[in-house]
Amino acid sequence: MDKLLIQGGKRLSGEISISGAKNAALPILCAGLLTAGDLELSNVPHLHDVATMLKLLGQTGLKVAQDGERVTLNGSAITKLEAPYEMVKTMRASILVLGPLLARFGEAKVSLPGGCAIGSRPVDQHIKGLQALGAEISIEGGYIYAKCKKLKGTRIVTDMITVTGTENLLMAATLAEGETILENAAREPEVTDLAHLLVAMGAKIEGIGTDRLVIQGVPELHGAKHAVISDRIEAATFLCAVAAAGGDITLRNTRTDIMDAALDKLREMGLEMTIGTDSIRAQMHRRPTPVSFRTTEYPGFPTDMQAQFMAVNTVADGASRVTETIFENRFMHVQEMNRLGAAIETDGNTAFIKGVEQLIGAPVMATDLRASASLVIAALAARGETLVDRIYHLDRGYDRMEVKLSAVGADIRRIK
Ligand code: EPU
């Protein structure tokens, strides 16, 4: 299993190019199931989760051609309407094939995802929504069996805001008969990016970017070209790295208009930023000011940045409080950060952090994707050597993070 060896204490300096967003690319790849035409995608990030999704889609009969960050999909010969347990257990986003397969072929068999490191993460809202659209759904032997003659548009109000739930229902509704209204829809920029692609494929969607999506079903969708949106979480992760370790870096290929919550908190921490049209220059010349926050749905503070901001708070000049409201078990990084000398206590879904002057390197273990990124940030700020184990989590969602960090002066090496 690969590990990362990091010698902390180096200031960061130079440029980093931000990749396409994982959480936009995954649903967008699944949209390839909705049409017999060619989907020509660019800015597709180089990630394990993308490779897993392409493998899963390939098994259905979707034709996949990949050339670097360009991926072309063709869904004219799909025969296997299934997502097996072996794939779903490694990547929950596999559930995103359910809506498209059902809507286009009237049938799908998708393994139920199990629990996961950050919470129980049920998919009841996906199922409830598809049933409202007229699907017959049964669960047997750990599989969701879904069937329908033709989905029929209706009004769906989800019990809570769900990102992949909205995406699944949105994709399904594009091919349903009549009008579907999705109330309480997720407004995350990744949902919006998927909606823009669907419109380019011939879907009729109103209210894009709002919590009320109105979809007029069409008989079929056609091929389209689309560039995946820039990864706001990757960009904010590198900004946290410079906030914790100090230095002067410039991020390229960013979308600063979708990063307000994170940028506001980084400014509060003392990060000096010059925002360009698609770039951010970030300078940090002092100890960070602690920031307190609660995670919420977009446009609020993203749960996918909670751990990385906590890493900066561990070395901040004072105390802070972080509350996680989206997932019930997303503090697995706390114990690992405390092994580096951080002073964090938790009470339920709130963490209380007392900033320390200096973290000290130690062996630590990554437990999920964003927790792994937070440990890398803490290690960059720490004195001495940190060995981060189980970085396969990191590879799932960050495009060659150690290569990008080395290029800006971090002492970070992958050990096979
Ligand atoms: N929920 C339910 N029932 C459902 C769906 C969701 O109870 O049917 C609950 C979840 O358990 C959770 C909350 O609703 O407590 C929100 O979950 P959501 O469905 O929005 O999460 P997701 O769609 O499974 C996506 C991202 C996550 C990100 C969350 C929240 C993808 C592929 N994944 O997950 O990304 O944390 O939205 O923004 O888009 C990551 O990239 O590290 C990551 C975990």
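All values derive from a computational prediction rather than experimental measurement.

> Explain the site of the ligand to me, please; I cannot follow it from the model alone.
Near the ligand, the surroundings consist of 22 residues, among which T162, T164, D304, I326 and R370 are the closest. N23 is positioned such that a nitrogen or oxygen atom in its side chain is 3.0 Å from an oxygen atom of the ligand. In this structure, an oxygen atom belonging to the ligand sits 2.8 Å away from a main-chain N or O atom of V163. The protein chains hide 87% of the 830 Å² of surface that the ligand would expose on its own.

> Can you walk me through the sheet that holds strand β8 (residues 136–140) in this structure?
The pairing of strands in a sheet comes from backbone hydrogen bonds and takes either a parallel or an antiparallel form. Ordered in space as β6-β7-β9-β8, the 4 strands form an open sheet in which the pairing is mixed. Single-partner strands in this sheet number two, and they are β6 (82–83) and β8. Here strand β7 (residues 107–111) runs beside strand β9 (residues 143–147); their pairing, made up of 5 bridges, is antiparallel. Across the sheet, K109 pairs through a bridge with Y145, a residue of β9. Contacting β6, β7 and β9, helix α4 (residues 98–105) runs over the sheet at an angle of about 160 degrees to β7.

> Can you walk me through unusual backbone geometry in this structure?
A negative phi angle is the norm for most residues apart from glycine, just as the trans form is the norm for most peptide bonds. Across the junction of Y298 and P299, the peptide omega takes the value 10 degrees, indicating a cis bond. With respect to the secondary-structure elements, P299 resides in the loop between β18 (293–294) and α10 (306–314). Phi is positive for R390, close to 60 degrees, though the residue is something other than glycine. Tracing the backbone shows R390 in the loop between β23 (385–389) and α13 (392–397).

> Before we go on, may I ask you to explain the side chain of S320 in this structure?
Among the secondary structure elements, S320 is positioned in strand β19 (residues 319–323). Polar contacts involving the side chain of S320 include one to the side chain of N313, which spans 3.2 Å. Once you skip the residues sitting within four places of it in the chain, S320 turns out to touch P290, V291, S292, N313, A351, F352 and I353.

> How do you make sense of the packing of aromatic side chains when you look at a structure like this?
Note on aromatic pairs: each is described by the distance of the centres and the angle between the planes. Applying the stated criterion to the full structure yields 4 aromatic pairs. Between Y143 and Y145, the aromatic rings sit 6.5 Å apart at their centres with planes inclined by 55 degrees, giving tilted as the arrangement. We classify Y143 as buried; its relative accessible area is 14%. Judged by its relative accessible area of 32%, Y145 is partly exposed.

> Is there a simple way to explain the environment of L251 in this structure?
Along the chain, the position of L251 falls in strand β15 (residues 247–252). Classification of L251 by relative accessible area gives buried; the value is 0%. Along the sequence, L251 and A362 sit 111 residues apart, while their C-alpha atoms lie 29 Å from each other. If we skip the residues at most four places from it in the chain, L251 touches I16, I18, A235, F238, L239, D278, S279 and I280.

> Sorry, what's going on with the nonpolar core here?
Generally speaking, soluble globular proteins have nonpolar side chains that are buried together. Residues L198, L239, L266, F309 and L405 are the most contacted members of the largest nonpolar core, which totals 144 residues. The leading source of residues in this core is helix α8 (residues 232–245), at 11 residues. Both domains that furnish three or more residues to this core are identified here as domain 1 (3–18 + 230–415) and domain 2 (22–227).

> What is the right way to look at the environment of A195 in this model?
Relative to the assigned elements, A195 resides in helix α7 (residues 189–200). For the pair A195 and E206, spaced 11 residues apart in the sequence, the C-alpha separation amounts to 9.4 Å. If near-sequence neighbours (up to four positions away) are discounted, A195 is found in contact with L170, I205 and I208.

> Just to check I follow, could you spell out the UniProt feature "binding site: UDP-N-acetyl-alpha-D-glucosamine" (unreviewed entry) in the protein for this structure?
Feature annotation in UniProt places "binding site: UDP-N-acetyl-alpha-D-glucosamine" (unreviewed entry) on R92, R121, P122, V123, D124, Q125, D304 and I326, given in this structure's numbering. Secondary-structure assignment places R92 in the loop between α3 (85–88) and α4. Residue classification places R92 among the buried positions, given a relative accessible area of 15%. Excluding residues that lie within four positions of it along the chain, R92 makes contacts with P113, G114, G115, C116, S120, R121, P122 and V123. Mapped onto the elements of the fold, D304 is located in the loop between β18 and α10. Given a relative accessible area of 17%, D304 falls into the buried group. With near-sequence residues (within four places) excluded, D304 lies in contact with N23, I233, R330 and R370.

> Even after reading the chapter, I still don't get the side chain of T295, so can you show me in this structure?
Here T295 lies in the loop between β18 and α10. Apart from residues no more than four positions distant in its own chain, T295 is found in contact with F301, P302, T303, Q306, T323, E324, T325 and I326.

> How should the pattern of salt bridges be read in this particular structure?
When the charged atoms of two side chains with opposite charge come close together, those side chains can pair. As enumerated under the stated definition, the model contains 23 salt bridges in all. The closest approach of N and O atoms between E183 and R155, which form a salt bridge, is 3.1 Å. Of this pair, E183 sits in strand β11 (residues 179–183) while R155 sits in strand β10 (residues 155–157); the two residues are 28 residues apart in sequence, bridging distant segments of the chain. Residue E183 is classed as buried on the basis of its relative accessible area of 17%. R330 is the salt-bridge partner of D304, the closest N and O atoms lying 2.8 Å from each other.

Cut-offs applied
- Residues numbered from 1 in each chain as written.
- Predicted model: local features only at pLDDT ≥ 70, side-chain atom pairs only at ≥ 80, totals over all residues.
- Heavy atoms only, no water.
- Near = heavy atom within 4 Å.
- Polar contact = N/O pair within 3.5 Å; in protein donor to acceptor, adjacent residues only side chain to side chain.
- Areas by Shrake-Rupley, 256 points an atom, 1.4 Å probe, with all protein chains shown as cover.
- Pairing = 2+ DSSP bridges.
- Helix = DSSP H or I, 4+ residues; strand = E, 2+ residues; numbered from the N terminus.
- Contact = heavy atoms within 4.5 Å.
- Axes fitted to C-alpha atoms, helices over the stretch in contact; angles between N-to-C directions.
- Phe/Tyr/Trp six-rings, centres within 6.5 Å; stacked < 30°, edge-to-face > 60°.
- Buried < 20%, exposed > 50% of the residue type's maximum accessible area, 1.4 Å probe, protein only.
- Core = buried A, V, L, I, M, F, W, Y, C linked by side-chain atoms within 4.5 Å.
- Domains from an automatic or database assignment.
- UniProt positions renumbered as here; feature names shortened; annotations may be inferred.
- Salt bridge = Lys/Arg side-chain N within 4 Å of Asp/Glu carboxyl O.

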